[in-house]
Amino acid sequence: MKNNFFKNLLLILVFIFLFLPIIVLIIYSFNSSQMNILFEGFTLKWYKELFNNTDLIESFINTFLVAISSTAISTIIGTISAYGLYKYDFPFKKIINGLIYIPIVIPEIVLGISLLSVYTLMKLELSLMTIILSHIAFSIPFVIVSVRTTLTKETITYEEAARDLGASNYRVFKDIVLPTIMPGVISGATLAFTLSLDDVVISYFTAGPGSNTLPLYIYSMIKTGITPDVNALTSIILIITFIILLSLVIIQSRKIRKEAI
Amino acid sequence: MKDNVIVRFDNVSKSFNNTNVIKDISLDIYEGEFITFLGPSGCGKTTLLRMVSGLEKVSSGKVFIDNKDVTNVDPTKREVNTIFQNFALFPKMTVKDNITFGLRMKKENPKEIEKRCKEVIKLVKLEGFENRYPSELSGGQQQRVAIARGVIMNPKVLLLDESLCSLDLKLKKSMQVELKRIQKKLGITFIYVTHAQDEALSMSDRIAIINNGVIEQLGTPSDIYISPKTVFVADFIGEANIVDGKVISQKDDNLTLSILNNYKINIKTSEVFKKDEIVKVIIRPEDVKISPNTLTNAINGKITDFIYGGENTKLIIKIDDNNSLKSSVTDEERYSVGKNVYIKFEEKYIVALRK
């Protein structure tokens, strides 16, 4: 009994530690005070103000633009690379396989600086485009690694079976390979999306004038103090994320129930 | 039936990283026959099969299917289909989608696909399972789907790569009958690859025994069992006692040999041996006749092992310190370990081979 009490206490403490900041954030988005220190009264004015803050809205749109386009491109390139690295033999394959991990393990700040110097060297003007390029660059290895786990010996056999039945290379990839590696592709894309969405360091180095992303915008506010309309925006993002997650869980559990029957 | 060559290997060789896995094989396979490539693992039998499907390229030589040189033809364009070792059913497709995959790739008209799908599902007895997924099927049912997926294409040859190996013994036996039934009904040539000699013996019209990349012997199952051409074949097919023998005399096809410390046997042979030549003598366990009663002109031995096996029991009989013989008996209740027995041979089935 006593043991159980401590177990539950520990669990509650951990959950408080995890979720208290998020709850505080949501509560403060309804705080009538300008400062994030004391709760002075309930208000919805920050939600109204949010839509008048064009800088904030623009950086929000930029963030999603970067995340969606870099995810799409890096998922395509990463998936094809993982498949190619798995299927074909060529010189230096082992070395290339090892090199893939470098962008994952090197500090973001190093990657940020090196990308910046590459752009300067190539005389590329810093803009939203350079942020997208940088995000593609650091996302590809994550996609490759995640897709690679789903490519097994069986994939080769399935491919052979499909070719034996007369399927063209395109149909083999579309009908046979893609469905089997789909879980890896989805998890790779999700990883790329989240990494891009909250990236500060690399974006900081590669962003040009007028190409602010939301994390950069918030980061720059630290000096002047974060206004509660940011709380309002993040609360909205949180709720959207929560709804998406919840529906995924519901779909998943329905699927499992269906399979059980 | 035996006139029309459907698959021809013409001096085919294959090497991977400078090791020759197939060494200059030439072989004709006839229309409508059930031929088995039998051999130990790593002997090259699967490679040979994959050269028919085109999934493996030849290093030199030519492959013909139905008198057309297909050596450089892509597997997608060859009129043969394969049943893979673990069936390779597409896991995200239903039984029906699996079976119709090939026809859909050929862009066959949907009505025709539907009709042929019904036919093959009936042929392999899978009615009612059309909308299941492979993971929801038993091993035997998966095997049937794999067969249906191949035969729906009306291939000229169906290639089976160790297709029964993953099934349990009982299922294996019933699928052997089933495979033979389907093959008879369709009249398609089956090329079957296995390392299991019992499967080969029970299903095949002809067996090609492959070892180290060459065909050791080609013939009907009974041919190969009764008159093996090499010691490897004798040892690989069925069980055999292999002992040294010395030629005493030969008169036409009657050969007199001395085996096991000057015991004389007379056998039939088509080969010509020299006097005093040392040969390998192959004696099947069922031709080692033993008796607990004293016999004249017999070898004396002592039972050291008793291996009960249902319909027949194997006894290991020690002749002297260097020689033991396996004997297969049906009256096992008369024997026990340690007992002295007298041995004679069924001499007409004994084979002598050059070393």
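Residues numbered from 1 in each chain as written. Chains lettered and ligands numbered in written order. Predicted model: local features only at pLDDT ≥ 70, side-chain atom pairs only at ≥ 80, totals over all residues. Heavy atoms only, no water.

**So, the domain arrangement of chain B**
Residue and element names in this part refer to chain B.
Item 1. Taken as a whole, chain B is organised into domain 1 (5–235) and domain 2 (239–354).
Item 2. Using only C-alpha atoms to locate each centre, domain 1 and domain 2 end up separated by 39 Å.
Item 3. The interface is formed by 10 residues belonging to domain 1 together with 9 residues belonging to domain 2.
Item 4. Regarding the contact of domain 1 and domain 2, the summed buried area is about 800 Å², with carbon and sulfur atoms giving 60% of it.
Item 5. Taken together, the links from domain 1 to domain 2 amount to 0 salt bridges.
Item 6. Our count for the contact surface shared by domain 1 and domain 2 stands at 3 residue pairs in polar contact (both at pLDDT 80 or more).
Item 7. Looking at the side of domain 1 that touches domain 2, the elements that each hand over two or more residues are helix H7 (221–226) and helix H8 (231–236).
Item 8. For the side of domain 1 that touches domain 2, the per-class residue count stands at 6 nonpolar, 2 polar and 2 charged. (Domains from an automatic or database assignment. Contact = heavy atoms within 4.5 Å. Buried area = accessible area lost by both parts, 1.4 Å probe. Salt bridge = Lys/Arg side-chain N within 4 Å of Asp/Glu carboxyl O. Polar contact = N/O pair within 3.5 Å; in protein donor to acceptor, adjacent residues only side chain to side chain. Helix = DSSP H or I, 4+ residues; strand = E, 2+ residues; numbered from the N terminus. Nonpolar A, V, L, I, M, F, W, Y, C, P; charged D, E, K, R; others polar.)

**Considerations on a nonpolar patch on the surface**
Item 1. Taken together, the side chains of Leu 10, Leu 11, Val 14, Phe 15, Leu 18, Phe 19, Ile 22, Ile 23, Ile 27, Phe 39, Phe 42 and Leu 44 of chain A present a nonpolar region at the surface, about 1100 Å² in accessible area.
Item 2. On the basis of relative accessibility, which here comes to 60%, the residue Phe 42 of chain A falls in the exposed class. (Patch = residues over 30% accessible without salt bridge, like charges linked within 9 Å, V, L, I, M, F, W, Y side chains within 5 Å. Areas by Shrake-Rupley, 256 points an atom, 1.4 Å probe, with all protein chains shown as cover. Buried < 20%, exposed > 50% of the residue type's maximum accessible area, 1.4 Å probe, protein only.)

**Points about the interface of chain B and chain A**
Item 1. Chain B puts 21 residues into the contact, and the matching count from chain A is 15 residues.
Item 2. Roughly 1700 Å² is buried in total at the junction of chain B and chain A, and carbon and sulfur atoms are behind 65% of that figure.
Item 3. Broken down residue by residue, the surface that chain B buries against chain A is led by Thr 76, Phe 90 and Met 105 of chain B, which jointly contribute 28%.
Item 4. Connecting chain B to chain A are 2 salt bridges.
Item 5. In this structure, Arg 163 of chain A engages Asp 74 of chain B in a salt bridge whose closest nitrogen and oxygen atoms are separated by 4.0 Å.
Item 6. Across the chain B-chain A interface, the total number found is 3 residue pairs in polar contact (both at pLDDT 80 or more).

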